[in-house]
Amino acid sequence: MQRYLFSRLLQSLLLMVGVLILVFFLVRLTGDPARLMMPRDASPEELEAFREAMGFNEPLHRQFFSYMGGAAVGDFGRSLHYRAPAMRLVLERLPATLELALAAMAFALVFAIPLGIFGGSRPGGVWDTICRGVGLIGQTVPNFWLALMLIVYFSVQLRWFPTFGRDGLRSLVLPAIALGFFPLGKFTRLVRSAVLEVRSEDYIRTAYSKGLLDRRVYSHHIFRNVAVTLVSIVAVQFGYMLGGSIYIESIFAWPGIGRMINEAVQARDFPLVQAIAVFSACFVVVLNLLSDIAYALIDPRIRYEA
Amino acid sequence: MRLDALETRGLRSPVQRFLKLILRDKAGLFGVVLFAFVILVALLAPTLAPHDPLQQNLRASRQPPAWHEEGSWDHPLGTDNLGRDMLSRIMYGTRVSLTVGFVGVVIASTLGLVLGLLAGYTGGRTDSIIMGITNLFLAVPYLLLVVVVASVLGRSLLNVILIFGFTNAPLFVRITRGEVLRIRQSGYVESAVSLGATRTRILIDHILPNLIGPLLTVATFEMSGMIFYEAGLGFLGLSVPPSIPSWGNMLAAGRQYIQFSPWIATFPGLAIVVTSLSMNLLGDWLRDLLDPKIRRSAS
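Description of the structure in this document. (Residues numbered from 1 in each chain as written. Chains lettered and ligands numbered in written order. Predicted model: local features only at pLDDT ≥ 70, side-chain atom pairs only at ≥ 80, totals over all residues.)

Per the secondary structure count, chain B includes 12 helices and 0 strands. When the helices and strands of chain B are placed in sequence order, the string is α-α-α-α-α-α-α-α-α-α-α-α. Relative to its full complement of 299 residues, chain B shows a buried share of 43%. Of the contacts made within chain B by residues no fewer than 6 positions apart, 69% connect residues no fewer than 24 positions apart. (Helix = DSSP H or I, 4+ residues; strand = E, 2+ residues; numbered from the N terminus. Buried ≥ 20, exposed ≤ 12 C-beta atoms within 10 Å, placed from the backbone. Contact = placed C-beta atoms within 7 Å.)

Spelled out as structure tokens, the structure:
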């Protein structure tokens, strides 16, 4: 187990360094970051002064090392728009994004687990059909459009929920549904197929032939296996939500990281974009690491293979 | 099901059997028909569209769809904020979406196939380097990556296609490599090796034919994904220039009028749902069709 942990930790660290390098080069993809960050009508003198101030005149390897040095202590420069340390701005917005992502995850799981279990228990039945429908709709409806439609019906016409803002539980409902819709479909599919698969295993037949009741077979064998499947995918879906929050937070004016990245991109505030990209990618890497550890703890087969 | 099997046994010609196979899956058939419809709309947009998609008419702006009291059949799906015909714009938007999806997937799968074969077939250091970079790209939240690259490169159709082509390649690399490793360990490749087949021979006779199925299936789903993401980028104002009628650009415009003219945002979204639905059903159907295990049990 320790060896497994150590090798996964090392991999994650390497990935984070890779992410740092990737972001460094992405921002320099066009060759002239100054032109990218300054307004279109900036004079050559202004551009030159900006290059000087940002260190873009230094040789590339110098820029790279000072960037990596800063990154090592969490310094990603100052936001051009807010004129404040970029990473601090990101961390300030984190709670709002986490709140939304957790609510969306809760929404997805609360509906997906019972649906998937009912559907998977009676293949071909009514619940199974609903299950497959939810799975398909979750994959085919874009969340940014769903968000707009939810606003049209539940905010504008029925006036049940506010159209935007972060102000108590009522304002959380629509964004959470819009963001949680894709994971809902994904989880439903997954739970259903996990139940279907486990049901045909030998140990389930053994359990039934021992005379165990349905309830006990489910609680002792089927739920556990479904849990293993879910643990491995929940982390991945959190990563997806960080991306999806770009749309959802912008539409609902939710003051989180997703909306911030949209604003930063529109304002060409690349030090801030850089900080958000690095933070989000590292967040996902850490999440994946945690889920792998949880996975290894739940499922002994993984531990032994490593 | 049993009746199905009985019926198939009577059909001798391969054409008949193939037709049977297509007709067996109702959802898949629906997907194929729907997808054919979407492609037809894209190809025939200039003939089918009732108006010029760029023609502005401020006097007829934000006209509701025909079934509304204030709507008219001159603009069946109404008009947008500049009085442009919604139906015509949606038809032309199909072209943008399908072009981005199709060319993007061709680039991504070609790149992925070459790099995946290289990684899976040569192994060693080449494999480690390719897979290291692949895993790095797969670790970054995809939408974030696309948004950052799109904002750096600027708005153009070519940029959008290249962005999706390159950022999607890692997925195809991973799948290709996985399949190559799996196929190489299979019994039939081992027996081919023991019969003295060369590496090139094995690649052409055994590995490539077996890769087509899985890659084609993934390509269908990924094309649907790219259409999604293109619309999303357009919605954020990062895809094709605003002068081109695309579903994402239409959604971005419709968002501002969501309170009083909700149809402007509704219809392009429905177009995305229909296209994505057709491709997902098609993908499921392809997966069943190309998986020999399922196919054999069916026919």
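Within chain A, the regular secondary structure consists of 13 helices and 0 strands. Going from the N terminus to the C terminus, chain A shows its helices and strands as α-α-α-α-α-α-α-α-α-α-α-α-α. Along the first, second and third principal axes, the C-alpha set of chain A runs to 85 × 60 × 30 Å. In chain A, which comprises 306 residues, the share counted as buried stands at 37%.

Two quantities define a packed helix pair, namely the angle between the axes and the distance from one axis to the other. In contact at an axis separation of 10 Å, helix α1 (residues 2-27) of chain A and helix α5 (residues 124-139) of chain B are set at 80° when each is read in the N-to-C sense. Considering the angle they form, α1(A) stands roughly perpendicular to α5(B). Two secondary-structure elements touch here, α1(A) through A:L15, A:G18, A:V19 and A:L22 and α5(B) through B:N135, B:L136 and B:A139. Grouping the constituent residues of the contact of α1(A) with α5(B) by class yields 5 nonpolar, 2 polar and no charged. (Axes fitted to C-alpha atoms, helices over the stretch in contact; angles between N-to-C directions. Parallel < 35°, antiparallel > 145°, perpendicular 65-115°, else oblique. Nonpolar A, V, L, I, M, F, W, Y, C, P; charged D, E, K, R; others polar.)

Another point: the environment of B:I163. If you trace the backbone, B:I163 turns up in helix α7 (residues 157-184). Filtering out sequence-adjacent residues up to four positions away, B:I163 remains in contact with B:V146, B:V149, B:A150 and B:L153.

Looking now at the nonpolar core. With 153 residues, the main nonpolar core has A:V19, A:A147, A:I276, A:V278 and B:V147 as its most contacted residues. A domain split of this core shows at least three residues from each of domain 1 (2-72) and domain 2 (91-305) of chain A. Aside from chain neighbours lying at most four places away, what touches B:V147 is A:I246, A:I261, A:V265, B:L236 and B:L238. (Core = buried A, V, L, I, M, F, W, Y, C linked by C-beta atoms within 7 Å. Domains from an automatic or database assignment.)

Attention shifts here to the interface of chain A and chain B. Taken together, the contact between chain A and chain B spans 36 residues of the former and 32 residues of the latter. Of all the secondary structure elements, the ones that give two or more residues to the side of chain A that touches chain B are α1, α6 (126-140), α7 (143-157), α10 (214-251), α11 (257-266) and α12 (270-298) of chain A. Partitioned by chemical class, the residues of the side of chain A that touches chain B number 27 nonpolar, 9 polar and no charged.

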